[in-house]
Amino acid sequence: MAAAVRMKIRSMPLIAVAASMLAALVPCSAQQSAALLRGGHFRYATMFWKRTSDLSSNTIEVTIESAWRRDYSSTYFTAALGSSGESLMKINGKQTPKIDFGDGTAAKYLEAVRITAYSEQENWFLGEETFTHTFDTPNNAGHPWKVSFTGCCRMRNLLQDQADKPWDMTTLVDLVEADTSPRIVSLPVIHVRKVTTTNANQNSTFRLHTSELDPSITWSLGHAAAGQYIHRDGTVELDTQAADILDCTPANGIAVCAVNVMAYAHFGKSLSIPVDLVVMMIPDPYPAFIDFPPRQTARLGFELTADIKAFQNASAASGLYVGFTVGTLPPGLHLSTVRGKGIHKESDPAIMSLRWTPCAHDLGTHVLCMDAVNNHGLAATQRGLVIDVVP
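Residues numbered from 1 in each chain as written. Predicted model: local features only at pLDDT ≥ 70, side-chain atom pairs only at ≥ 80, totals over all residues. Heavy atoms only, no water.

Peer 1: Would you mind going over the overall build of the chain with me for this structure?
Peer 2: When helices and strands are counted, the chain shows two helices and 28 strands. Scored against the burial criterion, the 391 residues of the chain give a buried share of 56%. For the chain, long-range pairs separated by at least 24 residues make up 70% of all intrachain contacts whose partners lie at least 6 apart in sequence. With the model as given, the accessible surface of the chain reaches about 16500 Å², and the carbon-plus-sulfur share is 52%. (Helix = DSSP H or I, 4+ residues; strand = E, 2+ residues; numbered from the N terminus. Buried < 20%, exposed > 50% of the residue type's maximum accessible area, 1.4 Å probe, protein only. Contact = heavy atoms within 4.5 Å. Areas by Shrake-Rupley, 256 points an atom, 1.4 Å probe, with all protein chains shown as cover.)

This is the structure:
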């Protein structure tokens, strides 16, 4: 029986673990994408922030959520477990990832990234670390403070001149204008179909979300790239027949067609938060969702249940099975192991059940990002399950 692709790391006694022992904390799949086995280990990052409860100070908490190659074994990674059993990771690189607050104070580094999710088949782990910082003034002489996250390197197989390149993203902070930013929610790696016919719609699409689903938030691309477009609502279009993408040939289990997409979500008068991720262009056949659940409403103290279903396209080769990759979850939300192999839409779908009894601190809107992935690492395009928690 197929097992759920994503799960939380199991607790262990407090120990420090050498980078070469990373697999002991995060077990690797025997089948992995050749493109993800080479080059840099950076996959994804986003930033979000909020003012602390002391409104008389200019103190904020900035969270860096980032994803990295799971099987990367070198001194760039040092794994450990915190005092409460959570999995932590110190992350380095060719250029050390660092957070610069833009006010002349010392930079900070990823010393204790808390692991929140991982995907065996897609070869990444996701984690976050929060940094507290106090500015002298609520903004920089009337302009936002520029808090940046930089480092190197991206994966080696990226197209559009992004292979092995450093990343550089910035969030804008102005405590006169806002006390908190939105939070972008996404899987680190998004899969879209590689369109190979010239008489069809050339663009594959996916949607970027913030957890708040605020309609006043608008989106823009972080850097110009041929064939990449973004709508104000966060819908990204990728022209897979663009000149610098056209000649790549996706292959089953080998994601040689991959691009970097960087985008900004804009809020308030002049503020923004970034996201930087990988988009894989994959061939047929690949998994597909079945009747993906519509927007859900959950009430405090009452259990919400929903089934996520998927199957592999009917032309799939024998021996394949389908599971799911899910991003960070709200506390207390439980996912079952996967029932069924997902080899037939009607008679043997892959089914993962969701159960959640929300509490008072869960009031508001939640977006759960997920894809359906087979054991060769090919996945459906990311979907977002929206859950509104009401009294």
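Peer 1: Hey, could you run me through unusual backbone geometry in this one?
Peer 2: Across residues other than glycine, the phi torsion is negative in most instances, and most of the peptide bonds are trans. Cis geometry marks the peptide bond from Cys152 to Cys153; its omega dihedral reads 25°. Mapped onto the secondary structure, Cys153 falls in the loop between strand E10 (145-152) and strand E11 (167-173). Residue Ala141 is not a glycine yet carries a positive backbone phi of 55°. Checked against the element boundaries, Ala141 lands in the loop between strand E9 (124-134) and E10. The exposure class of Ala141 is exposed, given its relative accessible area of 74%. Look at Leu213: it is not a glycine, yet its phi comes out positive at around 50°.

Peer 1: Looking at this structure, how should I read the pairing of strand E20 (residues 271-282)?
Peer 2: When you tally the buried positions in E20, you get twelve out of twelve residues, the bulk of the element. Because side chains alternate across E20, one face comprises the buried residues Leu271, Ile273, Val275, Leu277, Val279 and Met281, and the other comprises Ser272, Pro274, Asp276, Val278, Met280 and Ile282, equally buried. Alignment of strand E2 (residues 42-51) against E20, held across two bridges, turns out to be antiparallel. By the bridge assignment for E20, Thr46 is matched with Val275. Strand direction decides the pairing type here: strand E13 (residues 189-193) and E20, joined by five bridges, are parallel. The residue of E20 that forms the bridge with Val189 is Val278. (Pairing = 2+ DSSP bridges.)

Peer 1: What exactly am I supposed to notice about the environment of His366 here?
Peer 2: Mapped onto the elements of the fold, His366 is located in strand E27 (residues 364-374). Taking the relative accessible area as the measure of exposure, His366 reaches 17% and is therefore buried. A sequence separation of 156 residues divides His366 from Thr210, and the C-alpha atoms of the two residues are 9.1 Å apart. In this structure His366 touches Ser211, Pro330, Trp356, Leu385, Val386, Ile387 and Val389, once residues within four positions along its chain are discounted. At a separation of 2.7 Å, a polar atom in the side chain of His366 contacts the main-chain carbonyl oxygen of Asp362. (Polar contact = N/O pair within 3.5 Å; in protein donor to acceptor, adjacent residues only side chain to side chain.)

Peer 1: Mind showing me how you'd approach the nonpolar core here?
Peer 2: As a rule of thumb, soluble globular proteins bury nonpolar side chains together. Among the nonpolar cores identified, the biggest contains 76 residues, and Trp49, Leu110, Phe149, Leu208, Trp219, Leu277 and Met281 are the most heavily contacted of them. By residue number, the principal contributor to this core is E20, which donates nine residues. Grouped together as the second largest cluster of nonpolar side chains are 23 residues, Phe292, Ile308, Leu329 and Val389 included. (Core = buried A, V, L, I, M, F, W, Y, C linked by side-chain atoms within 4.5 Å.)

Peer 1: Just to check I follow, could you spell out the pattern of salt bridges for this structure?
Peer 2: Side chains carrying opposite charge are able to pair once their charged atoms draw close together. Under the definition given, this model contains ten salt bridges. Between Arg183 and Glu65 there is a salt bridge, with the nearest N and O atoms lying 3.1 Å from each other. Highlighted residues: Arg183 in the loop between E11 and strand E12 (184-185) and Glu65 in strand E3 (residues 59-69), separated in sequence by 118 residues. Residue Lys90 is joined to Glu111 by a salt bridge in which the shortest nitrogen-to-oxygen separation is 3.7 Å. Here Glu111 lies in the loop between strand E7 (108-109) and strand E8 (113-119) and Lys90 lies in strand E5 (residues 87-91), a separation of 21 residues in the sequence. Of the residues examined, Glu111 reaches a relative accessible area of 46% and is grouped as partly exposed. By sharing partners, the salt bridges in this structure join Glu65, Arg114, Glu128 and Arg183 into a single network. (Salt bridge = Lys/Arg side-chain N within 4 Å of Asp/Glu carboxyl O.)

Peer 1: I would appreciate a short explanation of the state of the cysteines in the present structure.
Peer 2: Linking two cysteines covalently through their sulfur atoms gives a disulfide. Under the defined criterion, the tally for this structure stands at one disulfide. A disulfide bridge connects Cys152 with Cys153, and the sulfur atoms are separated by 1.9 Å. The S-S bond linking Cys152 to Cys153 shows a torsion near 85°; that makes this disulfide right-handed. A relative accessible area of 4% places Cys152 in the buried class. (Disulfide = S-S within 2.5 Å.)

Peer 1: Please explain the sheet that holds strand E26 (residues 350-356) as it appears in this structure.
Peer 2: Working definition: the strands of a sheet are paired by backbone hydrogen bonds and lie parallel or antiparallel to each other. Taken together, the four strands give an open sheet; going across it, the order is E21-E23-E26-E25, and neighbouring strands pair in antiparallel fashion. Of all strands in the sheet, those bounded by a partner on one side alone are strand E21 (287-290) and strand E25 (334-335). The pairing of E25 with E26 spans two bridges and is antiparallel. When the sheet's bridge partners are listed, His334 is paired in E26 with Arg355.

Peer 1: Is there a simple way to think about the side chain of Arg51 in this case?
Peer 2: Topologically, Arg51 is positioned in strand E2. We classify Arg51 as buried; its relative accessible area is 16%. Side-chain polar atoms of Arg51 contact the backbone oxygen of Leu55, separated by 3.4 Å. Discounting residues that sit within four places of it in the chain, Arg51 has contacts with Ser57, Asn58, Thr59, Ile60, Leu175 and Asp179.

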